[in-house]
Every structure is written in structure tokens, then in C-alpha cells.
Protein chains: 2
Amino acid sequence: MDHLREIQTDGISNPREISRLAIDIGGSLIKLVYFSKDSSDHEDPLNDSVGVSNGVNGRLHFAKFETININDCLKFISANKLLLGGFQHQENPTNDRSFIKATGGGAYKFSDLFKEKLGISLEKEDEMDCLVTGANFLLKAVNHEAFTYLNGQKEFVQIDHNDLYPYLLVNIGSGVGMVKVDGDGKFERVSGTSVGGGTFWGLGKLLTKCQSFDELLELSHRGNNRVVDMLVGDIYGGMDYSKIGLSSTAIASSFGRAISNNNELDDYKPEDVSRSLLRMISNNIGQISYLNALRFGLKRIFFGGFFIRGQSYTMDTISVAVHFWSKGEAKAMFLRHEGFLGALGAFMSYERHSLDDLMINQSVQIPVDASCGTDTNYNPLERDLNETESMQCRVYQA
Amino acid sequence: MDHLREIQTDGISNPREISRLAIDIGGSLIKLVYFSKDSSDHEDPLNDSVGVSNGVNGRLHFAKFETININDCLKFISANKLLLGGFQHQENPTNDRSFIKATGGGAYKFSDLFKEKLGISLEKEDEMDCLVTGANFLLKAVNHEAFTYLNGQKEFVQIDHNDLYPYLLVNIGSGVGMVKVDGDGKFERVSGTSVGGGTFWGLGKLLTKCQSFDELLELSHRGNNRVVDMLVGDIYGGMDYSKIGLSSTAIASSFGRAISNNNELDDYKPEDVSRSLLRMISNNIGQISYLNALRFGLKRIFFGGFFIRGQSYTMDTISVAVHFWSKGEAKAMFLRHEGFLGALGAFMSYERHSLDDLMINQSVQIPVDASCGTDTNYNPLERDLNETESMQCRVYQA
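Criteria and thresholds
Residues numbered from 1 in each chain as written. Chains lettered and ligands numbered in written order. Predicted model: local features only at pLDDT ≥ 70, side-chain atom pairs only at ≥ 80, totals over all residues. Heavy atoms only, no water. Least-squares fit on C-alpha atoms with pLDDT ≥ 70 in both. Contact = heavy atoms within 4.5 Å. Salt bridge = Lys/Arg side-chain N within 4 Å of Asp/Glu carboxyl O. Helix = DSSP H or I, 4+ residues; strand = E, 2+ residues; numbered from the N terminus. Nonpolar A, V, L, I, M, F, W, Y, C, P; charged D, E, K, R; others polar. Phe/Tyr/Trp six-rings, centres within 6.5 Å; stacked < 30°, edge-to-face > 60°. Buried < 20%, exposed > 50% of the residue type's maximum accessible area, 1.4 Å probe, protein only. Lys NZ or Arg CZ within 6 Å of the ring centre and 35° of its normal. Lys, Arg positive; Asp, Glu negative; His and termini not counted. Polar contact = N/O pair within 3.5 Å; in protein donor to acceptor, adjacent residues only side chain to side chain. Pairing = 2+ DSSP bridges. Axes fitted to C-alpha atoms, helices over the stretch in contact; angles between N-to-C directions.

A. Structural view of the relation of the copies chain B and chain A. Note on the identical chains: chain B maps onto chain A by a rotation of 180° and an axial translation of 0.0 Å, with an RMSD of 0.0 Å. Taken together, the turn and the small shift mark the pair as related by a two-fold rotation axis. When you check the interface residues of chain B against chain A, 100% turn up at the interface there too, and the contact is symmetric in its surfaces.

Okay, structure coming up:
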């Protein structure tokens, strides 16, 4: 319901202005990306630098739902008439009204449900394909998209389009996929781990009784992992194991301290448990990512997926893990629209496979200084980077 | 107390027969290795193939205690008079009565306690050094020590002494250390993870209220991880994600299924939780081990430490992980005395650094067909491989 309110007050309550919806249905979350035309926009025949006409000004919108609440998502799509799609006027229905582009495992699992409830087909796009397309798009087209985070310092990264590839894309959803990206549409899934966002949320739910992922994350801010984790100093009597470079404060064994006393779960603060869990999983992902980057000599690792959510502790842990294991050789980078890579990729697949009336390579041109919604004072460094938001953009028809 | 009974009925209640004790004090467990002379043995001047005389027949004994119960360990040492050490007669006290070789972080942490309670110093030996020495000794001197385990099939591995190095040694204690071994005393710690035995036991204790590690392991035998884990098929509606080689039964997200319903911890069977946890941790260790083996082109990975305990499910998971990720290129192998590598290494360090009266390179010669205790029908393939046991051997004085 929050989502409904949010979107209805976002200036797009007029269904005529909505077009083009794509959806990414993961194990835990459903992500939507859709375009709304500015109501003031006339399809002017402006010739811009890309040399195409019929550009349409508008916004890309992002929204998410928990997969277990898929009915809320269906209601949202229906209430906001997101299926009226296409850039044509309503009087000229096109094919894309009868289907929407969809990716993620749920595109298979919930195919019948969409047909039954909304009368539309889900046209399935490969998950990895969409992830990579979405990541490449964001990295190339959106300014202030990628940033590093180390020791509490965020820093936006200028992406050199000629020196982007190869890179490792680590998508942290319920599980974690690791993809070596060599170019547009050129990629290989090289690894992954089942210890991901679903593990944090699933284990965290069992351990803390939290009712939402966000609540669990919030808890972790106030926690102290040293209550639960066994540190090198706990084993060495406060000393470092300096010979092999382990300081006394390094974690020797995640949750290892829970062994050494008679405490039960209720004796621990949920915030300490949550923090230890977050650190264990973030560190593990950082380490496995680095080891895979090393295999292929990749210096840059971009982390996407809905696990991170701009959490400083998570990003710091991942960055430190990559920095520690690579001895500073590899760099962890994060994406402001991390959670929507797959959905963006599905969105961009419309014209690639079915719609001739759009540019082949790039349907969406984001202004260099991507603005977010109507917030003109937007400062990407200070905002929560992962809130549902919209992005000013221009869509072209060839 | 079990330990006391066990050892006292093991034919070594006569303190004169005990000599040489070494100890490895980890974050969770204390491991002891000590030698007892056969009471019938006379120090005959037999010249054997190695060309040394003064061999003493006897047994190597192995025992373990939880580190939180260190006082039981001290009582055990005291009650069994394990500090009378040396191969000389009691009437000729030697220096080694005033200290024992010790390794592991606890050798630092509990140094004062040993001095206070038993009046002895712990002579500290480097942990990695001891691990490697212990592993090399077992791999070279003990027949039927290393074995593979895949698809329920155990198979002992014949070690070619000339083709043993290099290998990756993965020691799974509370945390996990990974060491590249290039020869006797030639090694480098290349990686590790904090997600180890302490994580299994610590998290498991919080989640299941089990009172011991063994109880938790026992539980896991009867569990079904699919109740708790999110499988690829759960996301894809029962389908494989065949394009990237993930079958519908592959785990997409460990503990991920706990997200998708309103169950609380008490609604899950402890055995299912335990199994999921064991699989998550074993798989993760297998994966990180493989990635490190790959870095250095190592085809063989030996797993030691007290986490595995001969558990078929654990070994199978680790083996499958190594097999899966390496596409069959690398092999996981296990050690029958997996938990005692460090303690054995400390035991063998006596002569290396301090006692001139023993052979430099090899103080213990295990008969080719290493027998265990008095069990003449011993079949290493059928026994629990990790029970505390003793090993017939012969110790030489130069």
C-alpha cells in the first residue's frame, strides 16, 4: 500500500502518461521499472546529439515488492494502469500491451498468475543477460552511478567508456551470482554462492524475530559483532597472530563466541546477532568475489542486487574484504541503482527483440547529470542511495 | 570424565610408561598427543632399516577436550601423570619435565594457567608450522591416512612420497586456515575464512539449543535442508536454470526459504536447521578451498581440523563443492587423524628444537599397516574415523 500511495502522488496518476513496464521477479523481491512521459512533453522532432528524432521526455520509475506479496504487486500494476504501455497514443494499441518483459526465476514461476490476474503474458528474458545489460547501461549512461566506499568515505567513480571492460559483476540477491563482463552482451557466469541476501534475511529472521529485512538491517547498525564472534585475540589471549598477518581484532570464527558460554539465543541482543551475521555474509561475498576477480585478472568488481541497500557497514565490510585479500589490487564498487539491474535490462530488451520503432542500442538516454524525481537539491552522496526513486530521462523512437 | 575413564582403562595407568606430551589449544578444542611405552618393551639395541638404535615400542595416544573445559584437561594430564615425560627412566629427570610443547592460540592464552596449576611452562610452537609438520608426517608415515569421499564412496589414497607436494592444506577448526604446502617446513598461509567449525557450532547452538557439537552433528543426519534452503526450483517454479548449469535442486540461497513464510524458529525442526547449516558451511569451505587451489595450480586439497569428524554428509558436501567448481580437476581428500595435525606437529617438534637424543627428522615410525589400539579387526573404512584412538608406533632415540 505504501507503494501505491508513493506512486500515485508522484505525478503519474494519469494513466495516459504511463508506458513501458518491465519486471524482475527474484526469490525474495520483485523489481519494477517503468517509464512515464512528462505530461507537458510534446513529441517534438528535436534532433539531438544521438541523431534521432521523436524523443519523449519523461521519467524512469523504480519500485519493489516482496515476492511473497506478489498480489500487492499485481494490484499496483493494475491500479496504476502500467499495462497501457507503448509510446503510441492510447488509440493505437500495439502488441506490447499483451505482454511485458520479465526476468528472474519468477518470470517462469508466476507466468500463469500474471495471465490469469492481469491477462498478460510475461515475455521471458534471460536473467544474466538482463543483469549485464542493466549494469552496462547504468555504468555508461548514468552519471554518479558507481562509487567506492572505504573507511566511511564514499567516492563517485568516473567511468571511462573505453576502459570499462572487463569487470566482475556480483549480483547479491537471495543468492549471489558472479559474472565476468567483457562487453555488451558478452559475459560469462563464473561463480556464485548460496550465502547471500536470502541467508541474511532468512537466518536473521530465525535468530532475531525481525519482521522485515529493513528492520534487521536497522538493528545491525546498533550491534557489536564482538559479542558473538570469536576474535583472534580471544584465542590468543588478546595477542595478534602477527606472523600470518592476523590482528587480535580479526574475526577468527563468525559466531564462534556463542560456543564458549552457556548463553542461549535469548541472552544475546538481536542487534549484535544481526551485525555479526551481516559481517559474516558481506565478508564472505567480498572474499569469494575477490578470488574470482583474481582468476581472470579483473581489477574492478561492481556489486549489485538488493542486499546492500546503501548500508555503510555492508559496503565497508565488502570493500575491506576485497582490499584485504587483494592487498589493495582490486577495488569494490557499488551502484546506486544496484537493485534494478535485472529489471532495467528487461526494460531495455523491448526494442532489442520486438519493437522496431525504438532505437536498437539505447532506448533511454539519461541526462549527464541524472536528476532524481523532482528533488532539485538532490545530492547522491547524502541520500539513501537505494530508495525507490525515479530518474529524469528521455526515450527515443527511431 | 569420560576421557579419564577411557585412558585409564587403556593400559597406561602405570605412569612410568607415559612419556612425551604435546598439546594444541584452539578456540574450541584442546587436542593432546602423547606417547606410552609398551610395558613389555625393553630398549633393545635393534638396528632397523632407518639405521638407528634404541627404538622404543609403544603407542601414540590422542585425546581432546573442549577449551571451555580446560580444567578437565588439566586434571586429565595430572591424573594420568602425563608430565613425567622423556624416554629416560624416572630416576633420570630431564629438562622436558619442566615444559611441554604447545601450539594453537591457547598456548599463549593459557600459559599462566598451566604454570600455576601444573607447574610447567608451555613451550610455544608456531601453529601453521605444527599443522604442516603434522600433516606431512601423517601423509608420509601412516598408511591408510588419506582418503577421498564422493557419492558415499570412501577410497584410501596411496600417497607417493615423491609426488606429495605441492598441496593445499585446509584446516577447519573454529575458523579455517588454508596453507599451501611445498615441502617439510616449506609452506605459506594463503587464505582462510571465519566461517568454520565455530560458526557451525555457535550458530547451531543458538538455533537448535543443542548442548554439544556432536549432538548437533547427529541431528543433521536426520534433517532435510530443503525445508530451510531456497532451491533454484523454488525461484524458477520447479525448473532448472539450465543455461548456466544450475539444476532445480541446487541451493540458490541458504536459509532463503525461511523468508517466504511466517514460520518462526520453533516451527522448524532442529534437524533441518542443523543440516542446512552444515551444508552451507561445508559447501562454502569447499568453494573457497577450490578457488585457492586454483590460484596456485594445486590439484590436491587435504582437509584437516576437528570440524569434519568423519561425517559422511560433511565430506560429501565438501567433495561435491570441490568437484563441481573445479569441474573435476581438483580432488578433496580427508585425513583420518584430521583433528590432531597441530598436536602431532608440536609432538614432533621436541627433537627438532631441544632434544638431541632423538632423531632429527622423524621421531615416530609408524608400522606400514598402522594399527589402532588393540583392535586387531580394525577396518579403517568401517570405523568412525575420528574417534579418540591410539596408534601403535615405535619411537627412536639416536
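B. Region of interest: the interface of chain B and chain A. Counting from both sides, the interface comprises 66 residues of chain B and, opposite them, 66 residues of chain A. Along the contact surface separating chain B from chain A lie 0 salt bridges. Every element with two or more residues in the side of chain B that touches chain A is listed here: helix H3 (106-109), helix H5 (127-141), strand S10 (186-193), helix H6 (197-208), helix H8 (232-235), strand S12 (251-253) and helix H9 (270-295) of chain B. Looking at the side of chain B that touches chain A element by element, the count peaks at 9 residues for H9 of chain B. Of the residues that constitute the side of chain B that touches chain A, the class distribution is 29 nonpolar, 26 polar and 11 charged.

C. Spotlight on the packing of aromatic side chains. All names here are of chain A. By the definition in use, this model includes 34 aromatic pairs over all chains. With a centroid separation of 4.9 Å and 55° between ring planes, the pair formed by phenylalanine 62 and phenylalanine 340 is classed as tilted. Of this pair, phenylalanine 62 sits in strand S3 (residues 56-66) while phenylalanine 340 sits in the loop between strand S14 (331-335) and helix H11 (341-353), and the two are 278 residues apart along the sequence. Exposure remark for phenylalanine 340: the relative accessible area of 4% places this residue in the buried category. Members of the aromatic cluster, joined through ring pairs, are Phe147, Phe156, Phe303 and Phe334. When the ring centre of tyrosine 108 is taken as reference, the NZ or CZ atom of lysine 124 above it lies at 5.9 Å.

D. Looking closely at the side chain of glutamate 338 of chain B. All names here are of chain B. You can see glutamate 338 is positioned in the loop between strand S14 (331-335) and helix H11 (341-353). There is no salt bridge for the buried glutamate 338, and the closest opposite charge comes from arginine 309, which lies 6.0 Å off by N-O distance. In this structure the side chain of glutamate 338 is engaged in a polar contact, spanning 2.5 Å, whose partner is the backbone nitrogen of arginine 309.

E. Just the sheet that holds strand S6 (residues 146-150) of chain A, in detail. Residues and elements named next belong to chain A. Sheet architecture is open: 7 strands sit in the order S7-S6-S14-S13-S8-S9-S10, paired in mixed fashion. One side of each edge strand has no neighbouring strand; the edge strands of this open sheet are strand S7 (153-156) and strand S10 (186-193). Put simply, the sheet's adjacent strands are angled 30° from each other on average, direction ignored. Bridge analysis of strand S13 (residues 300-304) against S14 gives 4 bridges, and the strand direction is parallel. When the sheet's bridge partners are listed, phenylalanine 302 is paired in S14 with methionine 333.

F. The pairing of strand S2 (residues 29-37) of chain A, seen in detail. All names here are of chain A. Burial of S2 is extensive: 8 of the 9 residues sit out of reach of the surface. Relative to S3, S2 is paired through 9 bridges, and the arrangement is antiparallel. Looking at the pairing, lysine 37 lines up with glycine 58 of S3.

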